Amino acid sequence: MRRSLFSVLAAVSVACAAVAGGAGGAAASAGALPAPAGARANAAAAAAQPYDWKNVRIDGGGFVPGIIFNQTEKNLIYARTDIGGAYRWEQATKSWTPLLDWVGRDRWGYNGVVSLATDPVEPDRVYVAAGMYTNSWDPNNGAILRSADRGKTWQATPLPFKLGGNMPGRGMGERLTVDPNDNRVVYLGAPDGNGLWRSTDKGVTWAKVTSFTNPGDYAQDPNDPNGYLSHRPGVVWVTFDPSSGTKGSPTKKIYVGVADKAGTVYSSADAGATWTRVAGQPTGYIAHKGVLDAKNHTLYIATSDTGGPYDGAKGDVWKLDTATGAWTRISPIPSSSSDDYFGYSGLTLDRQHPGTLMVATQVSWWPDVIFFRSADGGATWTRIWDWASYPERTLRYKMDISSSPWLTFGGNPAPPETAPKLGWMTESMEIDPFDSNRMMYGTGATIYGTEDLLKWDTGGQFTIKPMVKGLEETAVLDLVSPPTGAPLISGLGDIGGFRHASLDAVPPMMFTSPVFTTTTSLDYAETKPAIMVRAGSFTDADRPNDSHVAFSTDGGANWFQGTEPGGINEGGTVAASADGSRFVWAPKGIPVHYSVGFGNSWTASTGIPTGAVVESDRVDPNTFYGFAAGKFYVSVNGGASFTATAATGLPATGDVRFKALPGVKGDIWLAGGESGLWHSVNGGASFTKLSAVTNAVSVGFGKAAPGKTYPALYAAATVDGTAGVFRSDDAGATWVRINDDRHQYGNMGDAITGDPRIYGRVYLGTNGRGVLYADPSGTVPPDDDTAPPSKPGKPAASSITSSGATLTWTASTDDTGVTGYDVYREAGTTDVKAGSPSSATFTLTGLSPATSYTYYVVARDAAGNVSAASDPVTFTTAPGGGQPGGGCTAAYKVANSWPGGFQGEVTVKNTGTSAINGWTVKWTFPDGQKITQLWSGVHTQTGADVTVKDAGWNANLAGGASTTFGFGASWTGANGVPATVTCTTG
């Protein structure tokens, strides 16, 4: 079953029910709405605990195809998303409130909103046309959801056909519209041959308008075997002319847009009794939008040669004089011009200034989207940007993305492109009907807007900012919460993923070096959690030199890429050994491989099939696990070979996820979908099924309950017949439900984990509503803590040798608990972090003989507060040195480069015939480059001078042997190679 935007794109590339903020079920004339799966017959069997649910802030992250302003009440604004439900604007906080979190897994498709209507007569009323897919991916038909309290509570009328909130053409509209004169009348344009529908009782019952005979024949690819591109958007917008009616009676003049290139605009002059194709209309294109200026009796349409939202190469803008029937082409750039390489959409009028309108390109990927503005009904236009002396552009706007800095996507493109872009997939651009200065528009990643738009007309630059706070639309594939460092690392579809140092703040940047379009898997080394690995997917042709696997040695703050086996296009699953010394990777479509070190090379594993899911034991660094097609596999030699265990009864099909428990070797929990939840205490040799759990989507672990030693279990599952999110404090013997009917989040649960530092906290991934976290109601989570830990004691140095020492200090105290320490070495103006232990001791390695060193320590708590620095300790390493045994050389190369950054690699080789024990490499950067991260060595940098010593484990090189270390670095202006790179032994 494919449900998320990113997976749909992958597929395309290869080919009356009362709902009081919760579930519901009652009759409606179009069909009864079934009770939710696992209805409450034995709900009392599972206990419940109130929890407070919040989003981990990312802000946006997905396509917003519709923004809808109420035309009679100021600041009443809604937004619809393709997989993440609907939202209402809160003017006081300038944020969005989600409205469909009550949708459960049994009706997950209701989070696909193909249209939304806000009632201009009774502004408390709002309607949603819900349904995600019209092909087999969504098992349910669509529905009309209606609310009389602005989305606080809902009622549903099921429809006899499907709706496609995440199907082609979803940016056209709005296809759901309320009659402004008689709000009993609501119209719906339907897809796939189902035509035009109407309700005359405020959305309670619906009937097909049989006199409307053109259901629309356009499909992007009528022969698509997946049933996705063969979708016919059908009837795509409905527009009323309010001047043609009187209050309390149905509006007589109605215009309807159809996805049909031979006849895209129809009208009725008798309140929908009869319909005609509007005479003289343009042909060859589809009207994405139809907006009426009632004061000037003008209908405007924006057309494109495709249904969008990803494409569109030609199009026009037209206006119809509704009094005379005359059509006029008013395209800023007409389709007959070679400069028109886009269709048009995003059409909007300034209701305060009739005759003023704007339109957006659909789609202009390069160098950016273009917005056009006219103050004279389309006779003349100005552009939001113009060409200057190529490649430069002059801009009528400036962008402020300080609230969502990741919107650059980590890019630093060469002109004429910029980061961030103005947008893409700009199907909805709306001028506030009450404020000509405010405009909002949706993109494939966020909602942007401005509050000083009129500067466009006076020669100034208006400011565009994200207006997306509270709207979370990411699809979550994996989550990890390590015992130290940042509390949460996320793997996401479409935008890669983030390191969340604070759950309530937008992260500064998504994962880079490399950027994955989709992160499919994450892991960290249990005993060295600063070591992390991620695997992901992207279009190889876009970045042919990038790998689908990346590593971090600082808890996800910085990343570097490893090599990869051939033939990889998608990331699959990846696992880190308990001590971070090796990794096992199961990319999609190729055999499982393992690597010793950070992916310098990969070797195929034996005994395990392609397509397996892999995980690591959290205690034994040599033990890895795999699962495929009902069989469980174990490796005890670091992933080199696997053996199937004798375990039986495990699910042979479906999505299966499993995890090994921290702190206990061989303790494994397996979520087997409809087969339930399974537990092994003997490394997978056998499994026991939990009888109370009949469906398990995923399972995770968190800090043990007070007085307990076994970690708390968290599961997205069905327990005792109730579907939800559950916690167990007694190894699965009993469960408590921790979500409620108001917080079901549709298709949630593909990723779940507890927090190892905070008892009761759970992190939940959704497919379209982002990352949620929750704590038991009434608790004060550590994130609210602003008091730092106490100052650590002065470190004492012991066990001093020529290359190392051990530091110990008096531990800090904190009201919510110290989570770790950072050890720093004083190094002039920029001190160097030596490590991040979780306890008050740390062993230093890779030091130089007979050298003076000074170190100090700071403490951290779970809220991210940092203590004052300890008093420093200074000591001198013992004299001595290595055993020369031969000379060494060092070869420097740039392995990968991008604007502002690069990845370097240095190979150290023993040029003698006998072994060497220890090596040091030095060079001077010619252009001021700065190392940001280095692996497989210990480095210092003073100005341009760099010194790298071995990491201990790679100090000993046999005669003729070599080893490699790598680093990430920044550069500006130039990135020259050092003139000399020296290597000395000892």
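Up top is the structure.
Okay, so let's go over this structure. (Residues numbered from 1 in each chain as written. Predicted model: local features only at pLDDT ≥ 70, side-chain atom pairs only at ≥ 80, totals over all residues. Heavy atoms only, no water.)

Regarding its fold elements, the chain presents 2 helices and 77 strands. Taking 986 residues into account, the globule formula puts the C-alpha radius of gyration at 30 Å, and the chain, at 30 Å, falls close to it. In terms of its C-alpha atoms, the chain occupies a principal-axis envelope of roughly 100 × 70 × 55 Å. Looking at the chain residue by residue over its 986 residues, the buried ones come to 58%. Of the roughly 34,300 Å² of accessible surface on the chain, a fraction of 52% belongs to carbon and sulfur atoms. Computing the positive centroid from 74 side-chain charges and the negative centroid from 86, the chain places the two 1 Å apart. (Helix = DSSP H or I, 4+ residues; strand = E, 2+ residues; numbered from the N terminus. Rg over C-alpha atoms; globule rule 2.2 N^0.38 Å. Buried < 20%, exposed > 50% of the residue type's maximum accessible area, 1.4 Å probe, protein only. Areas by Shrake-Rupley, 256 points an atom, 1.4 Å probe, with all protein chains shown as cover. Lys, Arg positive; Asp, Glu negative; His and termini not counted. Charge placed at Lys NZ, Arg CZ, Asp CG, Glu CD.)

What follows deals with unusual backbone geometry. The amide bond that connects Trp366 to the next residue, Pro367, takes the cis arrangement and shows omega of -10°. Assignment of secondary structure puts Pro367 in the loop between β25 (357-362) and β26 (371-374). Pro420 follows Ala419 through a cis peptide bond whose omega is 5°. Position of Pro420 relative to the elements: it lies in the loop between β30 (397-399) and β31 (429-431). Notably, Lys202 is not glycine yet its phi reads approximately 65°, a positive angle. Along the chain, the position of Lys202 falls in the loop between β14 (196-199) and β15 (207-208).

This part covers the pattern of salt bridges. Here the structure, examined in full by the defined rule, presents 33 salt bridges. In this structure, Lys833 and Asp822 form a salt bridge, with 3.8 Å as the shortest nitrogen-oxygen distance. Here Lys833, found in strand β64 (residues 832-835), pairs with Asp822, found in strand β63 (residues 818-825); they are 11 residues apart in sequence, far enough to count as distant. (Salt bridge = Lys/Arg side-chain N within 4 Å of Asp/Glu carboxyl O.)

Spatially, the 4 strands line up as an open sheet ordered β46-β47-β48-β49, and their pairing is antiparallel. Strand pairing shows two members of the sheet lacking a second neighbour, β46 (613-616) and β49 (643-644), which therefore form its edges. Relative to strand β47 (residues 624-628), β46 runs antiparallel, the two sharing 4 bridges. Across the sheet, the residue bridging to Ser616 is Phe624, located in β47. (Pairing = 2+ DSSP bridges.)

Across the 6 residues of strand β35 (residues 475-480), 5 count as buried, placing the element largely inside the fold. Bridging between β35 and strand β36 (residues 488-493) involves 5 bridges; their strand directions are antiparallel. If you follow Val476 over to β36, its bridge partner there is Leu492.

This part takes up the environment of Leu188. Relative to the elements of secondary structure, Leu188 occurs in strand β13 (residues 186-189). Judged by relative accessible area, Leu188 falls into the buried class, the value being 0%. For the pair Leu188 and Arg175, spaced 13 residues apart in the sequence, the C-alpha separation amounts to 5.5 Å. The residues contacting Leu188, other than those within four sequence positions of it, are Ala129, Ile144, Leu159, Phe161, Arg175, Leu176, Gly195, Leu196, Trp197 and Trp206. (Contact = heavy atoms within 4.5 Å.)

It is worth spelling out the side chain of Thr239 at this point. Note on placement: Thr239 falls in strand β16 (residues 235-240). A distance of 2.6 Å separates the side chain of Thr239 from the backbone oxygen of Gly290, its partner in a polar contact. Each residue touching Thr239, except ones within four places of it in the same chain, is listed here: Lys253, Ile254, Tyr255, Gly290 and Leu292. (Polar contact = N/O pair within 3.5 Å; in protein donor to acceptor, adjacent residues only side chain to side chain.)

For the rest of this paragraph, the subject is the sheet that holds strand β4 (residues 66-69). Pairing between the strands of a sheet comes from backbone hydrogen bonds, and it takes one of two forms, parallel or antiparallel. Read across the open sheet, the 4 strands follow the order β4-β5-β6-β7; overall the sheet is antiparallel. The strands lining the two open edges of the sheet, one partner per strand, are β4 and β7 (95-98). With direction set aside, neighbouring strand axes in the sheet form an average angle of 30°. Two strands pair when backbone bridges link them, and strand β5 (residues 77-80) and strand β6 (residues 86-90) are joined in this way by 3 bridges, in the antiparallel orientation. In the sheet register, Ala79 faces β6, and the bridge partner there is Tyr87. (Axes fitted to C-alpha atoms, helices over the stretch in contact; angles between N-to-C directions.)

Burial analysis of strand β37 (residues 496-500) places 4 of its 5 residues in the buried class, which makes it a mostly covered element. Sheet topology note: the β36/β37 ladder contains 5 bridges and is antiparallel. Bridge pairing in β37 places Leu488 opposite His500. Joining the antiparallel neighbours β36 and β37 is a turn of 2 residues, in which Asp494 adopts a positive phi near 75°.

Soluble, globular proteins show a tendency: their nonpolar side chains are buried together. If you look at the biggest cluster of nonpolar residues, it comprises 54 residues, and the most contacted ones within it are Phe371 and Ile384. Per element, the largest residue contribution to this core is 4 residues, and it comes from β25. Residues contacting Phe371, with those up to four places away along its chain left out, are Met358, Val359, Ala360, Thr382, Arg383, Ile384, Thr426, Met429, Tyr441 and Trp456. (Core = buried A, V, L, I, M, F, W, Y, C linked by side-chain atoms within 4.5 Å.)

A word on the environment of Lys465. Relative to the elements of secondary structure, Lys465 occurs in strand β34 (residues 462-466). Taking the relative accessible area as the measure of exposure, Lys465 reaches 41% and is therefore partly exposed. Sequence spacing of Lys465 and Met440 is 25 residues, and the spatial spacing of their C-alpha atoms is 9.5 Å.

Considering all chains together, one arrives at 48 aromatic pairs under this definition. Taken together, the aromatic side chains of Tyr892, Phe902, Trp919, Trp923, Phe925, Phe965 and Phe967 make up a single cluster linked through ring pairs. For the cation-ring pair, Arg393 lies above Trp385, with the distance from its terminal atom to the ring centre recorded as 4.6 Å. Geometry around Tyr524 places Arg618 over its ring, the cationic atom sitting 5.0 Å from the centre. (Phe/Tyr/Trp six-rings, centres within 6.5 Å; stacked < 30°, edge-to-face > 60°. Lys NZ or Arg CZ within 6 Å of the ring centre and 35° of its normal.)

What follows concerns the state of the cysteines. For the structure shown, the criterion picks out 1 disulfide. Disulfide partner of Cys888: Cys983, at an S-S distance of 2.0 Å. Classification of the bridge connecting Cys888 and Cys983 rests on its S-S torsion, roughly -105°, and on that basis the disulfide is left-handed. In this pair, Cys888 sits in strand β68 (residues 888-898) while Cys983 sits in strand β77 (residues 981-985), placing the two residues 95 residues apart along the sequence. With relative accessibility at 11%, the residue Cys888 sits in the buried group. (Disulfide = S-S within 2.5 Å.)

Secondary-structure assignment places Arg170 in the loop between β11 (154-158) and β12 (176-178). Engagement of the side chain of Arg170 in a polar contact is seen with the side chain of Asn166, the distance being 3.4 Å.

Here the focus is a nonpolar patch on the surface. On the surface, Trp365, Trp366, Trp387 and Tyr390 cluster together into a nonpolar patch covering about 480 Å² of accessible area. By the secondary structure assignment, Tyr390 is in the loop between β28 (385-387) and β29 (393-395). For Tyr390, a relative accessible area of 53% gives the class exposed. (Patch = residues over 30% accessible without salt bridge, like charges linked within 9 Å, V, L, I, M, F, W, Y side chains within 5 Å.)

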